[in-house]
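Architecture and fold: a report
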Amino acid sequence: MEKFHKICINCPAGCHLDITRENGEITVSGNTCPRGVKYALQELTDPRRVVTAVVFAEGEKRICIPVKTSAPLAMALIPELLKELFATKVPLPVETGEVIIKNFRSTGVDVIASSDCKTM
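All of the points below concern the structure found in this document.

Moving on: the sheet that holds strand β2 (residues 16–22). An order of β1-β2-β3 is seen for the three strands of this open sheet, with the pairing classed as antiparallel. One side of each edge strand has no neighbouring strand; the edge strands of this open sheet are β1 (2–7) and β3 (25–29). Neighbouring strand axes in the sheet, compared pairwise and without regard to direction, differ in orientation by 20° on average. Pairing of β1 with β2 involves six bridges; the strand directions are antiparallel. Note on β2: the bridge partner recorded for His5 is Asp18.

Set out below in structure tokens:
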């Protein structure tokens, strides 16, 4: 039997979840709404995170453009995404919401600019 403790981040309540996995069956307690169970199952079977980072502006040494994923990405893919982002050069100007990387590794997750950026 495996036991885990997680704090649910799906709403402001921040429920303290006690999760048990035994013989392939997962039980969750401590949640005050159904979202806690969904969060716990996701964390144990396929954890995902929204990724925030910066990319460099093309031809500019000191301009970094803040970016984020459009949806949570499987944690196993995050190192690969970061490697690609740090090698990416983006032509200016960039507007908030502009897609920098479309459909990363066919996941349906885009990387988008999270701020406007013009030339200096």
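The first and last C-alpha atoms of helix α1 (residues 34–45) sit 17 Å apart over 12 residues, in line with the 16 Å expected at 1.5 Å per residue. The secondary structure elements touched by the buried residues of α1 are β1, β2, β3 and β4 (48–49).

Our focus in this paragraph is the pattern of salt bridges. Scanning all chains against the criterion turns up seven salt bridges. The partner of Lys6 in a salt bridge is Glu43, with the nearest N and O atoms 3.7 Å apart. In this pair, Lys6 is assigned in strand β1 and Glu43 in helix α1, connecting sequence segments 37 residues apart. With its nearest N and O atoms 3.8 Å apart, the salt bridge here joins Lys102 to Asp110. A relative accessible area of 62% means that Lys102 is categorised as exposed. Residue Asp110 is classed as buried on the basis of its relative accessible area, which comes to 15%. Three or more residues joined by partner-sharing salt bridges are found here, namely Lys6, Glu43 and Arg49.

Each value, and the rule that gives it
Residues numbered from 1 in each chain as written. Predicted model: local features only at pLDDT ≥ 70, side-chain atom pairs only at ≥ 80, totals over all residues. Heavy atoms only, no water. Pairing = 2+ DSSP bridges. Helix = DSSP H or I, 4+ residues; strand = E, 2+ residues; numbered from the N terminus. Axes fitted to C-alpha atoms, helices over the stretch in contact; angles between N-to-C directions. Expected span 1.5 Å × (residues − 1). Contact = heavy atoms within 4.5 Å. Salt bridge = Lys/Arg side-chain N within 4 Å of Asp/Glu carboxyl O. Buried < 20%, exposed > 50% of the residue type's maximum accessible area, 1.4 Å probe, protein only.

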